[in-house]
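Commentary on secondary and tertiary structure
Residues per chain, in single letters:
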Amino acid sequence: MKGLHMVLRKNSSPAKTNSFAKRAASSNQTIGEALFISLIHASETTHQLKQIHSQIIVQRLWQSSWLTTQLISSSLLLKSVDYALSVFRHSVQQNTFIFNALIRGLAENTRFESSISHFVTMLRMNIRPDRLTFPFVLKSTAALYISSFGRSLHAKIVNLGIECDSFVRVSLVDMYVKIDLLEFALQLFDESTDTMKLGSILLWNVLITGCCKVGDMNKASELFEAMPERNIGSWNSLINGFMRNGDLERAVNLFDVMEERNLISWTTMVTGFSLNGNHERALLVFFTMLENGVGPNDLTVVSALSACARIGALETGIRIHNHLLGNNFRFNKAVRNALVDMYSKCGNINLAKKVFDEMKEKDLLTWSIMIWGWAIHGCFDQSLLCFENMKSEGIKPDGVVFLAILTGCSHSGQVNEGLNFFNSMKHEYSIEPTMKHYTLIVDLLGRAGRLDEAFSFIQNMPINPDFVIWGALFCACKAHKNIKMAELVSDRLLQLEPKHIGSFVFLSNVYAKVGRWEDVERVRCSMKNRGLEKNPGWSYIELEGQVYSFVANDHSHERTKEIYLKLGEIAKEAREKGYVCGTEWVFHNIEEEEKEDALGGHSEKLALAFGLISTAPKMTIRIVKNLRVCGDCHSLMKYVSKMGQREIVLRDIKRFHHFKDGACSCKDYW
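In this text the structure is predicted, and so the values were computed from the model without any measurement. (Residues numbered from 1 in each chain as written. Predicted model: local features only at pLDDT ≥ 70, side-chain atom pairs only at ≥ 80, totals over all residues. Heavy atoms only, no water.)

**Let's talk about the overall build of the protein chain**
This is how it is decided: The secondary structure listing takes helices from DSSP runs of H or I that are at least 4 residues long and strands from runs of E that are at least 2 residues long, numbered from the N terminus. We call a residue buried when its accessible area falls under 20% of the maximum for its residue type, exposed when it is over 50%, and partly exposed in between, using a 1.4 Å probe and counting protein chains only. What makes two residues a contact is simply this: any of their non-hydrogen atoms within 4.5 Å. Working definition of accessibility: Shrake-Rupley area with a 1.4 Å probe, residue cover restricted to the visible protein chains.
In terms of regular secondary structure, the protein chain is built from 37 helices and six strands. Counting the 670 residues in the protein chain, one finds 51% classified as buried. Of the contacts formed within the protein chain by residues at least 6 apart in sequence, a portion of 62% connects residues at least 24 apart. For the protein chain, the exposed area adds up to about 32800 Å²; of that, 50% sits on carbon and sulfur atoms.

Below, the structure is given as structure tokens:
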């Protein structure tokens, strides 16, 4: 190690020698120990530590517990767990300091079981643990969710008489919060002296977090109001609790009255809005944060990119990406994965591939995201190639990867390939299929019209089929107009979830598609009598960084008149080119003219019309729909893409549709 031999030379500078001598004397260390401890603290790599270790042995200081403790601590700080364990095993004497260093380091390196096992070894060797031992054993216990051991630790702490130590007490409360024994945490808090409560803001913060975790926001607020002193962490904990319990208004009110905010405060708001489905507001807070001069961390960026992905805000996602590049943001794997996911879900699979290709390190999640991206864009060949490349890199696929590749098979009609993948998952990789895998096979067979096979597959499943699996078969029955099987499946759906709106909507849709209007009315009346209503459809479109939303027959937009005029104009022009309004997609027995009016107000058509009047000619229009696009809207968009010489990218709940020159990337297999 650079400078090591110089430091150990006998003719070292007198000034340095005197300095080390003073430090050594104050801590009962020898001058040699003090020198080595300084070198250990200055080490930046495990290799350097090993060089120092060898010199410690040469200098016959290997029996020093001071040096052993420092070697273990520093190696664990450098994430070199195996080396730390080796130093520990070869140490001559093992005392409380050495065990504490090891137990703490193992816990901080998420080696929780090893941390606990060394604590047990410590007790068996009759080495007395102290106030610095228990916090990290409690942390490991909480991480492993071992409630019985946690209670035993509490008893041991009381037995040793250190339960009133602030560090230990906070760790105990935190452990009880994390293993979902809030009543014990509250009891500990209530038994704490006023001095403890006054001297530890962290004790209050941990308990507030615990109340928020179980949804007891009244108790959390009561504790917050009773605090003798608060810090930013107190505010952040309560705001996060309100966000996670869906009370956005109270979270915003707290955030607005904060005298001081830090990065965690802003990140809590961005993440909270995104988790509650208010993605536009999450992005607004993110950019407000930047305007206030606060730079994002990894979690803030991932949350913002996730919000972009959910609403298809490509322009905003690009803006965030450019900001990161322009400010020398250090991209880690999580952020790069979020970028790939954002670009693929916002409809630009080529940009997703570009970020993916630039990644030097790719983990299983990275490959999964890219395979999913190709799959939902209907690019089966690319998803298959990505799958094979992943395997060639020595990465073994998991259940999520197989979900992605099976999705690609389903969207492209690759039935035999999908069945082969399903079998290889079980037999070659020993991955037990989940309900989602079985659902995809039913969907795969159903889309291809192999309804009897799909029905037989469900009957022979080793697990009981759920509502979603029967729903997949029901959709296939509707697409292929198999009324007899649809009625049978409908009975199964109603048996599983008699109050689920989907059961009634499915059956109503099937009857409508074959013109059985009396049956449609009967089902609709049954829905009404049970107080069930169909979830409304909505569509998003982003223009110049702003996201606009539309619902069916929406008249709330300031340009409503222009939107409907444009919609009428393109529908008329499309008819002249051969477009016929698909009135079978309206599920009421009404006149054809009224049906056309009903279809005209679909949210994706309104978003399309708005895009046409708000963008330059030939510019790509991108729309996100929360439900499956109906056949009539799908047909109209093909005509509009050809008439306007535009590419229209529509993401519905199932997949992407890229409309160009009068055709769709799905090849009408959807």
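**A word on the layout of surface pockets**
Rules: In the cavity and pocket records, a cavity denotes points on a 1 Å grid over the protein atoms alone where a 1.4 Å probe fits but cannot get out, a pocket denotes an open set with protein on both sides within 12 Å along at least 5 of 7 lines, and lining residues are residues with an atom within 4 Å of a point. Grid points are joined across faces, edges and corners, and a volume is the space filled by probe spheres set on the points. Polarity classes work like this: nonpolar for Ala, Val, Leu, Ile, Met, Phe, Trp, Tyr, Cys and Pro, charged for Asp, Glu, Lys and Arg, and polar for all others, with Gly in that last group.
Taken as a whole, the second largest pocket spans an internal volume of roughly 350 Å³. Forming the walls of the second largest pocket are 15 residues, and the residues nearest its centre are S73, F97, N100, A101 and R104. Mapped onto the lining of the second largest pocket, the elements with two or more residues apiece are helix 5 (65-77) and helix 7 (96-108). Residue composition of the lining of the second largest pocket, by class: seven nonpolar, five polar and three charged.

**Quick notes on empty space enclosed by the protein**
Counted under the stated rule, the structure contains one cavity of 30 Å³ or more. The space that makes up the largest cavity amounts to roughly 50 Å³. Here the lining of the largest cavity gets three residues from one element, more than from any other, and that element is strand 3 (residues 621-625). Its residues assigned to classes, the lining of the largest cavity comprises five nonpolar, two polar and two charged.

**Concerning the packing of aromatic side chains**
Applied cut-off: To pair, rings of Phe, Tyr and Trp, with the six-membered ring standing in for Trp, must have centres within 6.5 Å; the planes then decide the type, stacked if under 30 degrees apart, edge-to-face if over 60, and tilted in the middle. In this analysis the charged atom, NZ for Lys or CZ for Arg, is taken to sit over a ring once it is within 6 Å of the ring centre and within 35 degrees of the ring normal.
Counted according to the given criterion, the structure contains 22 aromatic pairs. Residues F224 and W235 carry aromatic rings whose centres are separated by 5.1 Å and whose planes lie at 85° to one another, so their mutual orientation is edge-to-face. In this pair, F224 sits in helix 15 (residues 217-226) while W235 sits in helix 16 (residues 232-244), placing the two residues 11 residues apart along the sequence. Judged by its relative accessible area of 18%, W235 is buried. Feature note: the residues F387, F402, F421 and Y429 constitute an aromatic cluster, connected by ring pairs. In this arrangement the basic side chain of R319 is found over the ring face of F287, its NZ or CZ atom lying 3.7 Å from the centre. The cationic tip of K362 hangs over the ring face of F356; the distance from NZ or CZ to the ring centre is 4.9 Å.

**Some remarks on the side chain of S115**
As a reminder, the rule being used: We define a polar contact as two N or O atoms separated by no more than 3.5 Å, with the added condition that, inside protein, one atom must be a possible hydrogen donor and the other a possible acceptor, whereas residues neighbouring each other in sequence contribute only through side-chain atom pairs.
Its location among the elements puts S115 in helix 8 (residues 112-124). Residue S115 is classed as buried on the basis of its relative accessible area of 0%. A distance of 3.1 Å separates the side chain of S115 from the backbone oxygen of I103, its partner in a polar contact. Apart from the residues lying within four places of it in its own chain, the contact partners of S115 are I103, L106, A107, F136 and S140.

**Focus on the environment of T209**
Here T209 is to be found in helix 14 (residues 201-213). Residue class for T209 comes out partly exposed when judged on its relative accessible area of 39%. When the C-alpha positions of T209 and N236 are compared, they lie 9.6 Å apart, and in sequence the two are 27 residues distant. Side-chain polar atoms of T209 contact the side chain of S237, separated by 3.5 Å.

**Brief notes about the nonpolar core**
Defined as follows: Remark: nonpolar core denotes a set of buried residues (Ala, Val, Leu, Ile, Met, Phe, Trp, Tyr, Cys) joined through side-chain atoms within 4.5 Å.
Core analysis: the largest hydrophobic core is formed by 164 residues, its most contacted members being I72, L238, I320 and L473. Aside from chain neighbours lying at most four places away, what touches I320 is L283, F286, F287, A304, L305 and C308. Listed in part, the 29 residues of the second largest apolar core include A574, Y579, L650 and W670.

**Here we look at the packing of helix 28 (residues 435-447) against helix 30 (residues 467-479)**
Two packed helices can be described by the angle between their axes and the distance between those axes. We apply this condition: Convention adopted: a line fitted to C-alpha atoms gives each axis, helices being fitted over their contacting stretch, and angles between N-to-C directions are expressed from 0 to 180 degrees. In this scheme, roughly parallel covers angles under 35 degrees and roughly antiparallel covers those over 145, while 65 to 115 is roughly perpendicular and the rest are oblique.
At their nearest, the axes of helix 28 and helix 30 sit 9 Å apart, and the two run at 10° to each other. Our classification of the angle between helix 28 and helix 30 gives roughly parallel. For the pair helix 28 and helix 30, contact is made by M435, Y438, T439, V442, D443, G446 and R447 and by V468, I469, A472, L473 and A476, respectively. Tallied by class, the residues present in the contact of helix 28 with helix 30 amount to eight nonpolar, two polar and two charged.

**Points about the pattern of salt bridges**
Operational definition: By convention in these notes, a salt bridge is any Lys or Arg side-chain nitrogen within 4 Å of a carboxyl oxygen on Asp or Glu.
The final tally for this structure, using the stated rule, is 18 salt bridges. Between R131 and D165 there is a salt bridge whose closest N-O contact spans 2.6 Å. Of the two residues, R131 sits in the loop between helix 8 and helix 9 (134-144) while D165 sits in the loop between helix 10 (147-160) and helix 11 (166-178), which places them 34 residues apart along the sequence. Its relative accessible area of 37% is what places R131 among the partly exposed residues.

**Topic: the sheet that holds strand 6 (residues 663-664)**
For the record, the criterion: Two strands make a pair as long as DSSP finds a minimum of two bridges between them.
Spatial strand order, 2-1-3-4-5-6: six strands in an open sheet with mixed pairing. Every interior strand has two partners, whereas the edge strands, strand 2 (546-551) and strand 6, have only one. The pairing of strand 5 (residues 656-660) with strand 6 spans two bridges and is classified as antiparallel. Each bridged residue has a counterpart across the sheet, and for F659 the counterpart in strand 6 is C664.

**Structural notes on the packing of helix 4 (residues 46-58) against helix 5**
At a minimum axis separation of 11 Å, helix 4 and helix 5 run at an interaxial angle of 170°. When the interaxial angle is binned, helix 4 and helix 5 end up roughly antiparallel. Side by side, helix 4 and helix 5 meet where L49, H53 and I56 of the first sit next to L67, L71, S74 and S75 of the second. A class-by-class count of the residues in the contact of helix 4 with helix 5 yields four nonpolar, three polar and no charged.

**Digging into helix 17 (residues 248-257)**
Stated formally: Here, the arc refers to the directions that run from the helix axis to the C-beta atoms.
Buried within helix 17 are the following residues: L248, A251, V252, L254 and F255. All buried residues of helix 17 fall inside an arc of 165° around its axis, so they share one side. In helix 17, the exposed positions angled more than 90 degrees off the buried face are occupied by E249 and V257. Next to the buried residues of helix 17 lie helix 15, helix 16, helix 18 (263-275) and helix 19 (279-291).

**Some words on the environment of G277**
Topologically, G277 is positioned in the loop between helix 18 and helix 19. Here G277 falls in the partly exposed class, since its relative accessible area comes to 39%. Placed 33 residues apart in sequence, G277 and R310 show a C-alpha to C-alpha distance of 8.6 Å.

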